Amino acid sequence: QGALIVDKRAIQIIEGKQVVFVKNETGYETRPLTIGQTDGKFAEVISGLSVGEQYAVENSYLLKADLEKSSASHAH
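A few points on the structure. Here the structure is a predicted model, which is why all the values come from computation and not from measurement.

## Describing unusual backbone geometry
Okay, so step 1: Despite not being glycine, Glu15 has its phi angle at roughly 55°, a positive value.
Okay, so step 2: Checked against the element boundaries, Glu15 lands in the loop between strand S2 (12-14) and strand S3 (17-24).
Okay, so step 3: With a relative accessible area of 75%, Glu15 lands in the exposed category.

As structure tokens, this is what we get:
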């Protein structure tokens, strides 16, 4: 049985944690991952993602930017 791997372009750092954006009923949710070995393009997933779950790859940085925008303080 092979290891579960993700495209490294999908991994974003949020609050010091490596996360991916996993598709759910309403859009995407952040999911912290434990990463194992990597070859530079792909990373082994130790925990945090199940086989068959869909995750954002190419536009994950846009989801991160939207998340950071929405959680930013509006104090002036």
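## Looking at the sheet that holds S2
Strand pairing in a sheet takes place through backbone hydrogen bonds and is either antiparallel or parallel in direction.
Okay, so step 1: Taken in spatial order, the three strands make up an open sheet running S2-S3-S4, and their pairing is antiparallel. Sheet topology places S2 and strand S4 (27-32) at the edges, where each strand pairs with a single neighbour. On average, adjacent strands in this sheet sit at an angle of 50° to one another, irrespective of strand direction.
Okay, so step 2: Where S2 and S3 come together, three bridges link them in antiparallel fashion. Within S3, the residue paired with Gln12 across the bridge is Val19.
Okay, so step 3: Across the sheet, helix H1 (residues 60-71) lies against S2, S3 and S4, angled at about 15° from S2, the strand it touches most.

Parameters at a glance
- Residues numbered from 1 in each chain as written.
- Predicted model: local features only at pLDDT ≥ 70, side-chain atom pairs only at ≥ 80, totals over all residues.
- Heavy atoms only, no water.
- Helix = DSSP H or I, 4+ residues; strand = E, 2+ residues; numbered from the N terminus.
- Buried < 20%, exposed > 50% of the residue type's maximum accessible area, 1.4 Å probe, protein only.
- Pairing = 2+ DSSP bridges.
- Axes fitted to C-alpha atoms, helices over the stretch in contact; angles between N-to-C directions.
- Contact = heavy atoms within 4.5 Å.

In short, the description is geometric, and any link to function would need to be established separately.
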